[in-house]
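As a plain string of letters, each chain reads:
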Amino acid sequence: MDWILDRLIPTYDFRTRYSRRVAAPPDAVWEALQKVTAAELPVTRLLMRIRSAGRDPFSGPIAQALPMADLGREEGREAVSGRVAKFWRFRPEPGPEETADPAVFAAFSEPGWAKAAMSFQLSPTAGGTLLTAETRVRATDRASRRAFAPYWLLIRAGGAGFIRLELLRAIARRAEHVGAS
């Protein structure tokens, strides 16, 4: 399938992919993706509070609260957000503002940075929808790749997978509840 994520980060250094079958049609899943809130994600809120030294980093709909630029969306099919940063620093250093533009993000290659994008992909199935959360990271040079690797290991072991799974579960619960109403 032709995904927006494939155009933004076609080759990557790091990747995770989690999927969940949802017993609801893609339009209900898409709506749930847009409306799921931080309050529905207790583990995510705890992990983000730890990461942000005790501050509650977000509230309201997650789709609007993420500290990443909207890099592309195809209604009912895929939503991609991402950013360029030095994620491995204690307080991640944000990349150049112009990288919030999808074309600039895709072409960005200045040494010393990493580009990260997270995509939610919806695929219709016989029983509803396959919902997938995929994260890809591309370091812009060897030194950045080496700096990012320990951070990636830490966040993968320390909660990024839990966050994605909790998010997929909350979206599914919300979509299936709407479908059952």
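Scroll up for the structure.
Overview of the structure.

Cut-off values and rules
- Residues numbered from 1 in each chain as written.
- Predicted model: local features only at pLDDT ≥ 70, side-chain atom pairs only at ≥ 80, totals over all residues.
- Heavy atoms only, no water.
- Phe/Tyr/Trp six-rings, centres within 6.5 Å; stacked < 30°, edge-to-face > 60°.
- Helix = DSSP H or I, 4+ residues; strand = E, 2+ residues; numbered from the N terminus.
- Buried < 20%, exposed > 50% of the residue type's maximum accessible area, 1.4 Å probe, protein only.
- Lys NZ or Arg CZ within 6 Å of the ring centre and 35° of its normal.
- Pairing = 2+ DSSP bridges.
- Contact = heavy atoms within 4.5 Å.
- Salt bridge = Lys/Arg side-chain N within 4 Å of Asp/Glu carboxyl O.

**Observations regarding the packing of aromatic side chains**
Okay, so step 1: Under the defined criterion, the tally for this structure stands at six aromatic pairs.
Okay, so step 2: Here Phe14 and Trp152 contribute two aromatic rings whose centre-to-centre distance is 5.6 Å and whose plane-to-plane angle is 45°, an arrangement assigned as tilted. Of the two residues, Phe14 sits in strand 1 (residues 14–22) while Trp152 sits in helix 6 (residues 142–180), which places them 138 residues apart along the sequence. One exposure class covers both Phe14 and Trp152, and it is buried.
Okay, so step 3: Relative to Phe148, the ring of Trp88 lies with its centre 6.4 Å away and its plane at 85°, an arrangement referred to as edge-to-face. Of this pair, Trp88 sits in the loop between strand 3 (78–86) and strand 4 (93–94) while Phe148 sits in helix 6; the two residues are 60 residues apart in sequence, bridging distant segments of the chain.
Okay, so step 4: These aromatic residues form a ring-pair network of at least three members: Phe14, Phe87, Trp88, Phe148, Tyr151 and Trp152.
Okay, so step 5: Taking the ring centre of Trp3 as reference, the NZ or CZ of Arg77 above it sits at 4.3 Å.
Okay, so step 6: The ring centre of Phe105 lies 5.5 Å from the NZ or CZ of Lys115, which sits over that ring.

**A closer look at the environment of Ala28**
Okay, so step 1: Within the secondary structure layout, Ala28 lies in helix 2 (residues 26–35).
Okay, so step 2: Along the primary structure Ala28 and Gly76 are separated by 48 residues, whereas in three dimensions their C-alpha atoms are 8.8 Å apart.

**Observations regarding the pairing of strand 3**
Okay, so step 1: With eight of nine residues buried, strand 3 lies mostly within the body of the structure.
Okay, so step 2: Note: strand 2 (residues 69–74) against strand 3, five bridges, orientation antiparallel. Paired with Arg73 across the bridge in strand 3 is Ala79.
Okay, so step 3: Direction of pairing for strand 3 relative to strand 5 (residues 114–125): antiparallel, over a ladder of eight bridges. When the bridges of strand 5 are listed, Val80 appears paired with Ser119.
Okay, so step 4: Relative to strand 4, strand 3 runs antiparallel, the two being bridged by two bridges. Across the sheet, residue Ala85 finds its bridge partner in strand 4, namely Pro94.

**Some points on the environment of Pro96**
Okay, so step 1: In this structure, Pro96 sits in the loop between strand 4 and helix 5 (102–107).
Okay, so step 2: Taking C-alpha positions, Pro96 is 8.3 Å from Ala85, a pair spaced eleven residues apart along the chain.
Okay, so step 3: Ignoring sequence-local partners within four residues, the contact set of Pro96 consists of Val84, Phe108 and Trp113.

**A closer look at the pattern of salt bridges**
Okay, so step 1: Counted according to the given criterion, the structure contains eleven salt bridges.
Okay, so step 2: Two residues, Glu74 and Arg77, come together in a salt bridge whose shortest N-O distance is 3.3 Å.
Okay, so step 3: For Glu74, a relative accessible area of 36% corresponds to the partly exposed category.
Okay, so step 4: Three or more residues are tied together by salt bridges with common partners; here these are Asp6, Arg15, Arg17, Glu134 and Arg136.

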